[in-house]
Amino acid sequence: MTSVTTNQVASQNKFEKLKAEKDGLAVRHELDQFAQVGWEAMDATDREYRLKWLGVFFRPVTPGQFMMRLRLPSGIIGSQQMRVLAEIVQRYGEDGNADITTRQNLQLRGVRIEDLPQIFAKLKTAELTSVQSGMDNVRNITASPIAGLDADELIDVRELVQQVQDMITNKGEGNPEFTNLPRKFNIAIEGGRDNSVHAEINDIAFVPAFNENNGEKELGFNVVVGGFFSAKRCEAAVPLDAWVSPADVVDLCRAILVVYRDYGLRANRQKSRLMWLIDEWGMARFRAEVEQALGHPLQPATAQDEIDWDKRDHIGVFAQKQPGLNYVGLHVPVGRLFAQDMYELARLAEVYGSGEIRLTVEQNLIIPNIPDAHLEAFLQEPILQKFSVQPTPLVRSLVSCTGAQFCNFALIETKNRALALARALDEEIELTQPVRIHWTGCPNSCGQPQVADIGLMGTKARKDGKAVDGVDLYMGGKVGKDAHLGTCVQKGIACDDLQPMLRDLLVQQFGAKVKGEPIA
Ligand code: SRM
Ligand code: SF4
């Protein structure tokens, strides 16, 4: 993209400059050369930034061991594809594993630069892609993890999600049309009733809504825009005042992306997400510019959308809309998988299901299409000891970002700490209602503390006169219908003090009972 805006700011902003000098996607033709010279000798900007256009992330915490972020539209992956990813991480032994992400996606750990040509060849054969999954690109497109299985769903959006991804990435080959956005960009398409995608925290989200035309009810989507989290500012998405039929979803995504690409603010990266453009223009102008890019007027939104359920976590056994078939949601502690787990999950999906595996934004997974007759045997499989269908309450709803183990933005270690604390509290207390705890290692909010009942954001706290690992406490996040964001209620709690502090909070505000204590 060579708009005036981009060129004007290129000299001011390091990221705009590096994009103007060479498109990130260009490195796809240089993989053999990178593999030959090795990570230390290759150009630093290619290594640390442009490779992210291919989904390959240099990790300053583990130099030489890269992270690879895939794209899994609607969080769906086949058993054969899972096996290919298992093979990739298996090569790296204990240093290799995979994480299920908060965008129902997978990230592989430990990847070496010398293996990239072979890895990309394997991904292509398996019809997987990691293209445009980092930096100023559109992230994995999320949908209900039970799309097509849910008897109560309104629209099966799987095909739509795939079409939007294909448009943005040129069917996974890479599309220079959308490789120079002002900033990252999130899209979600919900087809169910429970807002499983967190519509409110996406730059564009489609939520099901009926439109009445000459007495005929037509099912489509109301559109909200501009939702985002950043270290400086967090905003819920606002209505575009548009209703679109499913057939218009791809074109509307394209039109919004073109407007954002050509007019989005680029000078200051802290003020570049879509909402900042909407603020600057006002919604009326933003909507008019989108209509112009679309080539026709938008229909106004309908008065009400169809999100009228609380959010489900899908853990456990559930009947599908297809008679005699079930989907089983397995809890994956903080989303972490190892190669052996991935092989085993692929086997289970084939033996008991249709070979399909689904991922959730809660970093768990679902195996669908298990016939009634095979359910009992499935539930006896040893891996369900690790990936339970009945986890303890706090562990069940736990979400955590990557944290200090692999992320250099992190102010604290998150995943191991989050899991240990949830387990310890589950030992101490009894809960009669689910309480969703989300951990995030820094203010970037990848672990979405603002959507949680209890959100914990890594910070440095002071204890006994010393700087120690700590968290800021967020509360009040509501998901599902009438979703809204939680806010920071207390700052700088030392991690060492968290267990008693959270125990008291759970007792006082969430009706928990300390085990063994008489009821007052
Ligand atoms: Fe994120 C940057 C991990 C979901 C907001 N995020 C990063 C980086 C790439 C930073 C880095 O280079 O180290 C992290 C990689 C760490 C690693 O090695 O894993 C990272 N983000 C993640 C993941 C893996 C967290 C997780 O454990 O699940 C999620 C990957 C999703 C995916 O599959 O694509 C992830 N990140 C999110 C979300 C949640 C969401 O999308 O629902 C957010 C908040 C929502 C949003 O973006 O509006 C989020 N990540 C950020 C930000 C702040 C963006 C901003 O506008 O300022 C950054 C920093 C940045 O972009 O400059 C960031
Ligand atoms: Fe890293 Fe911060 Fe995102 Fe956690 S929230 S993955 S620590 S950037």
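Predicted, not measured: the structure shown is a model, and the values here were computed from it.

S.K.: I keep staring at the overall build of the protein chain and nothing clicks. Help me out?
M.R.: A count of helices and strands for the protein chain gives 16 helices and 24 strands. Since a compact globule built from 520 residues should have a radius of gyration of about 24 Å, the 23 Å found for the protein chain is in line with a globular shape. Seen through its C-alpha atoms, the protein chain measures out along the principal axes to roughly 70 × 65 × 55 Å. Of the roughly 20,500 Å² of accessible surface on the protein chain, a fraction of 48% belongs to carbon and sulfur atoms. Across the protein chain, 57 positive and 68 negative side-chain charges occur, with their mean positions spaced 6 Å apart.

S.K.: Help me understand the domain arrangement of the protein chain in this model?
M.R.: In many reports, interface size means the accessible area that the parts give up when they come together. As far as domains go, the protein chain holds domain 1 (136-312), domain 2 (316-332 + 346-389) and domain 3 (396-514). Distance between the C-alpha centres of domain 1 and domain 3: 29 Å. At the interface, 16 residues of domain 1 touch 12 residues of domain 3. Here domain 1 and domain 3 share an interface that buries about 1,100 Å² over both sides, 66% of which is from carbon and sulfur atoms. For domain 1, the biggest contributors to the area lost against domain 3 are H198, E200 and F229; these three give 40% of the whole. If you look at where domain 1 meets domain 3, you find 1 salt bridge.

S.K.: Quick question: what am I supposed to make of the sheet that holds strand 18 (residues 399-400) here?
M.R.: Sheet strands associate in pairs through backbone hydrogen bonding, adopting either a parallel or an antiparallel arrangement. With mixed pairing, the 5 strands of this open sheet are ordered in space as 18-20-21-22-23. The open sheet is flanked by strand 18 and strand 23 (487-494), the only strands paired with a single partner. Pairing of strand 20 (residues 437-440) with strand 21 (residues 454-463), which is carried by 4 bridges, proceeds in the parallel orientation. Within strand 21, the residue paired with W439 across the bridge is L456. The strands that helix 15 (residues 415-428) touches are strand 18, strand 20 and strand 22 (466-475); relative to strand 20, the one it contacts most, it runs at about 155°.

S.K.: Got a minute to help me understand the site of ligand 2 in this structure?
M.R.: All residues in the neighbourhood of ligand 2 are listed as C401, T402, G403, C407, F409, A410, T440, G441, C442, N444, S445 and C446. Considered class by class, the residues forming the shell around ligand 2 number 6 nonpolar, 6 polar and no charged.

S.K.: Any chance you could explain the sheet that holds strand 2 (residues 66-69) here in plain terms?
M.R.: Taken together, the 5 strands give an open sheet; going across it, the order is 1-2-5-4-15, and neighbouring strands pair in antiparallel fashion. With one partner strand each, in any of the chains shown, strand 1 (56-57) and strand 15 (336-337) form the two edges of the open sheet. Sheet topology places strand 2 next to strand 5 (residues 106-111); 4 bridges connect them, and they run antiparallel. Each bridged residue has a counterpart across the sheet, and for M68 the counterpart in strand 5 is L108.

S.K.: I tried to follow the UniProt feature "domain: Nitrite/sulphite reductase 4Fe-4S" (unreviewed entry) in the protein chain on my own but got confused; where do I start?
M.R.: The positions that UniProt labels "domain: Nitrite/sulphite reductase 4Fe-4S" (unreviewed entry) are, in the present scheme, residues 135-297 and 395-487. As annotated, residues 135-297 comprises 29% helix and 22% strand, and the C-alpha atoms at either end are separated by 32 Å. Summarising residues 395-487: 17% helix, 31% strand, and an end-to-end C-alpha distance of 22 Å.

S.K.: Whenever I open this one, helix 7 (residues 158-169) confuses me. Can you help?
M.R.: An α-helical turn contains 3.6 residues, so any two residues separated by three or four positions project in the same direction. The terminal C-alpha atoms of helix 7, which comprises 12 residues, lie 16 Å apart, in line with the 16 Å expected from a rise of 1.5 Å per residue. Looking one or two residues past helix 7, N170 carries a phi angle of roughly 55°, positive in sign.

S.K.: I keep staring at the nonpolar core and nothing clicks. Help me out?
M.R.: The tendency in soluble globular proteins is for nonpolar side chains to be buried side by side. Within the largest apolar cluster, 57 residues are counted, with the highest numbers of intra-cluster contacts made by L51, L85, L106, L330, L337 and L365. By residue number, the principal contributor to this core is helix 11 (residues 339-352), which donates 8 residues. L85 has contacts with L70, I77, L106, L108, L123, L128 and M342, leaving out every residue within four places of it along the chain.

S.K.: Before we go on, may I ask you to explain the packing of helix 8 (residues 249-263) against helix 10 (residues 283-294) in this structure?
M.R.: Each pair of packed helices can be summarised by the angle the axes make with each other and by the distance between the axes. In the contact formed by helix 8 and helix 10, the axes pass within 8 Å of each other and the chain directions differ by 115°. Pair helix 8 / helix 10 crosses with right-handed handedness. Residues D251, L252, A255, I256, V259 and Y263 of helix 8 form the contact with helix 10, whose own contacting residues are F286, E289, V290, A293 and L294.

S.K.: Honestly, unusual backbone geometry in this entry has me stumped. Any pointers?
M.R.: A positive phi is found at N170, a non-glycine position, where the angle reads about 55°. As for its placement among the helices and strands, N170 is situated in the loop between helix 7 and strand 7 (187-189). In the Ramachandran plot, D482 falls in the positive-phi region, its phi being about 50° despite a non-glycine side chain. With respect to the helices and strands, the residue D482 is situated in the loop between strand 22 and strand 23. Given the relative accessible area of 64%, D482 is considered exposed.

So, how was this worked out
Residues numbered from 1 in each chain as written. Chains lettered and ligands numbered in written order. Predicted model: local features only at pLDDT ≥ 70, side-chain atom pairs only at ≥ 80, totals over all residues. Heavy atoms only, no water. Helix = DSSP H or I, 4+ residues; strand = E, 2+ residues; numbered from the N terminus. Rg over C-alpha atoms; globule rule 2.2 N^0.38 Å. Areas by Shrake-Rupley, 256 points an atom, 1.4 Å probe, with all protein chains shown as cover. Lys, Arg positive; Asp, Glu negative; His and termini not counted. Charge placed at Lys NZ, Arg CZ, Asp CG, Glu CD. Domains from an automatic or database assignment. Contact = heavy atoms within 4.5 Å. Buried area = accessible area lost by both parts, 1.4 Å probe. Salt bridge = Lys/Arg side-chain N within 4 Å of Asp/Glu carboxyl O. Pairing = 2+ DSSP bridges. Axes fitted to C-alpha atoms, helices over the stretch in contact; angles between N-to-C directions. Near = heavy atom within 4 Å. Nonpolar A, V, L, I, M, F, W, Y, C, P; charged D, E, K, R; others polar. UniProt positions renumbered as here; feature names shortened; annotations may be inferred. Expected span 1.5 Å × (residues − 1). Core = buried A, V, L, I, M, F, W, Y, C linked by side-chain atoms within 4.5 Å. Buried < 20%, exposed > 50% of the residue type's maximum accessible area, 1.4 Å probe, protein only. Left-handed = near helix turned anticlockwise from the far one by under 90°.

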